[in-house]
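Geometric and topological summary
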Amino acid sequence: MTWALRDSWTVTLRDLGHWRRQPWGLVIGLAFPILLLLMFGFLLGGAIDVPGGYIEFLFPGMLAVTMAFGLETTMTTVSEDVQRGVTDRFRSLPMSRIAVLLGRATADMLASVVSLAVLLVAGLVIGWRIHEGVGNALVGVALLLLLRFAFLWVGIYLGLLFRGQGGVMAVQILVWPFVFLSNAFVPITTMPGWIQVLSAWNPITATVAATRELFGNGPATENAILLAVVWPVVLSVVFATLAVRRWTRLGR
Amino acid sequence: MAIRTTGLTRRYGETTVLDGLDLTVDAGTVHGLLGPNGAGKTTTVRILSTLLDPHGGTATVAGYDVVRQAAQVRRHVGLVGQHAAVDEILGGRDNLVMFGRLSHLGTRQARRRADALLEQFDLVDAAERPVSTYSGGMRRRLDLAAGLVLDPTVLLLDEPTTGLDPSGRREVWQSVRALVAGGTAVLLTTQYLEEVDQLASQVTVLNHGRVAAEGTPDALKASIGQDRLDVVVRDEADLPSAHSALRAVAQDAETDLDGRRVTATVTDRMAALTYVVRTLDDAGIVVDDVILRRPTLDEVFLHLTGSTKEAS
């Protein structure tokens, strides 16, 4: 095993240690999307009329939105480590330099896997079902994790870019209109014309359309699965490049 | 030679923070780096610990160049920065094991080193508790321990006692003394001149990114002259009389209203003392205290960096 991998795993273990020490932190993280799911599904959902029922329509959207919210978690952790000097400590050690980012990525992806699993169970409990077989459903889950992976690098980049509470707060606020500007909660066709264009281009929209198709929770749309692969891959490449550049230039 | 910098320069945008710093720290000594905020102390430490690239000049730490041999520098240099840079949620032991593993000790070796450091810094009882429950002094001790995982030959301490109460400060001082006894060279930046007085055998005073003065603490004190005579009067109204009594035997005399104190630099200490006490006694002025002393590093510092503490 190379040092980069071993060091990354050590950094990942730090986060797993946090879960063990503060399980309520993890529980709150898991409870939040479930709360949103229940609020939208049962408080707003009654007024929203979509073919196949709102829960079936909403659930894939809720999964993708949860992946997008991961951006905040990643950004907050990265920015706190920079502020508290933990990043400096890591950078002053004879460890693999890239391991700090890779370890962060691994830890956040693991957390997202757990979060998705819990949400899927919650969905089944409130009546959501898959209709296209387990194989397709697993592809859908993979696409959701791919979206999380893309937002992870956006989060790392923004966390390194904005130091201080202001940046984190701005992102925490802006992420809301960003997720609403998609097909996650309502069909895009119900939106005003020019907003439809924006929403159609939202990477979340691609993933939601693809997972709806793969879970059998909505009609198949043209190129949905292709876009749900291309969008996150492009975002990952761009933001991972920016994040690594930023990281290697912290000392300049 | 533990640390040597030549013409070290660093800018932030248009501002030059380090302007050709030449610094030499001998092995096995504590070297104090003093200076007002913005003098370049932290920038120096960050360059020496490879966190920041210099824009000019060279720096070697433990014999390695901080730019060309950064990896070796990281293996031989311990850093304790301004913030206690440890994980708040994990326990002290978990923190040290993590830093040990990241310093490429084997798992078992990392655990052994963590235990030894917990013992050394008197943190065994708190080893499993989350760091967020530690006192300021304990946190700093853990931070020191984290900087020592690889037994560095050079330790960089950036304001290690800022924000600590007096007992926390003493705890850290004791730890530093023990380290130096073990042969580690320490570069210490601080705002507390008393700290340098307590710990350092050599001092460099920085101002505007340049060396304003260097030497032993005693030599620095001697460089701005002679003994100081302080008189503390009971009644504030007597301050002018005390001032003129001191002026008769000294060139300068400064009045500190809050402390009801007049301070002056004197050349012939005993003659001055006798004269001042007799004069004040004759005038019927009640004196609470008379102190004859060497200048404090504070006075040296203010003298060298050109700031004035109070109106004379």
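In case you missed it, the structure is sitting above this.
Residues numbered from 1 in each chain as written. Chains lettered and ligands numbered in written order. Predicted model: local features only at pLDDT ≥ 70, side-chain atom pairs only at ≥ 80, totals over all residues. Heavy atoms only, no water.

What about the overall build of chain A?
Helix and strand counts for chain A stand at 10 helices and zero strands. Counting from the amino terminus, chain A carries its helices and strands in the arrangement α-α-α-α-α-α-α-α-α-α. A compact globule built from 252 residues should have a C-alpha radius of gyration of about 18 Å, and chain A, at 19 Å, falls within 12% of that. With respect to the principal axes defined by its C-alpha atoms, chain A has extents near 60 × 40 × 35 Å. Out of the 252 residues in chain A, the part that is buried amounts to 52%. By element, 72% of the accessible surface of chain A is carried by carbon and sulfur atoms, the whole surface being about 11400 Å². Seen as two clouds, the 17 positive and the 12 negative side-chain charges of chain A have centres 16 Å apart. (Helix = DSSP H or I, 4+ residues; strand = E, 2+ residues; numbered from the N terminus. Rg over C-alpha atoms; globule rule 2.2 N^0.38 Å. Buried < 20%, exposed > 50% of the residue type's maximum accessible area, 1.4 Å probe, protein only. Areas by Shrake-Rupley, 256 points an atom, 1.4 Å probe, with all protein chains shown as cover. Lys, Arg positive; Asp, Glu negative; His and termini not counted. Charge placed at Lys NZ, Arg CZ, Asp CG, Glu CD.)

Considerations on the packing of helix H1 (residues 3–21) of chain A against helix H3 (residues 92–102) of chain B
Look at H1 of chain A against H3 of chain B: their axes get within 9 Å of each other, and the N-to-C directions meet at 170 degrees. It follows from the interaxial angle that H1 of chain A and H3 of chain B lie roughly antiparallel. The hand of the H1 of chain A/H3 of chain B crossing is left-handed. Here Arg6, Asp7, Thr10, Val11, Arg14, Arg20 and Arg21 of chain A of H1 of chain A come into contact with H3 of chain B, specifically with Asp94, Met98, Arg101 and Leu102 of chain B. (Axes fitted to C-alpha atoms, helices over the stretch in contact; angles between N-to-C directions. Parallel < 35°, antiparallel > 145°, perpendicular 65-115°, else oblique. Left-handed = near helix turned anticlockwise from the far one by under 90°. Contact = heavy atoms within 4.5 Å.)

Regarding the sheet that holds strand S10 (residues 210–215) of chain B
Residue and element names in this part refer to chain B. The mixed open sheet is built from six strands, whose spatial order is S6-S7-S8-S3-S9-S10. Each having just a single partner strand, strand S6 (77–80) and S10 make up the two edges of the open sheet. Averaged over all neighbouring strand pairs, the angle between strand axes comes to 15 degrees, with direction disregarded. Strand contacts of helix H5 (residues 136–147): S6 and strand S7 (154–158), with the helix running at about 160 degrees to S6, the strand carrying the most contacts. (Pairing = 2+ DSSP bridges.)

A closer look at the pairing of strand S4 (residues 56–61) of chain B
Residues and elements named next belong to chain B. Taken together, the five bridges between strand S1 (residues 3–12) and S4 define a ladder with antiparallel strand orientation. Following the sheet pairing, Thr6 is matched in S4 by Thr58. Between S4 and the antiparallel strand that follows it, strand S5 (residues 64–65), lie two residues; Ala62 among them carries a positive phi value of about 50 degrees.

Examining the sheet that holds strand S14 (residues 287–293) of chain B
Residues and elements named next belong to chain B. What the four strands build is an open sheet, ordered S12-S13-S11-S14; its pairing is antiparallel. Two strands lie at the open edges of the sheet, namely strand S12 (253–256) and S14, each paired on one side alone. Neighbouring strand axes in the sheet, compared pairwise and without regard to direction, differ in orientation by 15 degrees on average. Relative to S14, strand S11 (residues 227–233) runs antiparallel, the two being bridged by six bridges. Looking across to S14, one finds that Val231 is bridged to Val290. Packing of helix H9 (residues 239–247) onto the sheet brings it into contact with S11, S12 and strand S13 (261–266), and relative to S13 it is tilted by some 5 degrees.

Examining the nonpolar core
Residues Phe90, Trp153 and Phe185 of chain A together with Leu96 of chain B are the most contacted members of the largest nonpolar core, which totals 112 residues. When sequence neighbours within four positions are dropped, the list of residues in contact with Leu96 of chain B reads Ala114, Leu117, Leu118, Leu142, Ala145, Ala146 and Val149 of chain B. Leu18, Leu33, Val73 and Ala185 of chain B belong to the second-largest nonpolar core, a separate cluster that totals 25 residues. (Core = buried A, V, L, I, M, F, W, Y, C linked by side-chain atoms within 4.5 Å.)

Details of the layout of surface pockets
Residues and elements named next belong to chain A. The volume enclosed by the largest pocket comes to roughly 1200 Å³. Along the walls of the largest pocket sit 37 residues, with Gly25, Leu26, Gly29, Thr73 and Thr77 positioned nearest its centre. The biggest single contributor to the lining of the largest pocket is helix H3 (residues 54–84), with 11 residues. Tallied by class, residues from the lining of the largest pocket come to 14 nonpolar, 12 polar and 11 charged. (1 Å grid on protein atoms, 1.4 Å probe; cavity = no way out; pocket = protein on both sides within 12 Å on 5 of 7 lines; lining within 4 Å. Points joined across faces, edges and corners; volume = space filled by probe spheres on them. Nonpolar A, V, L, I, M, F, W, Y, C, P; charged D, E, K, R; others polar.)

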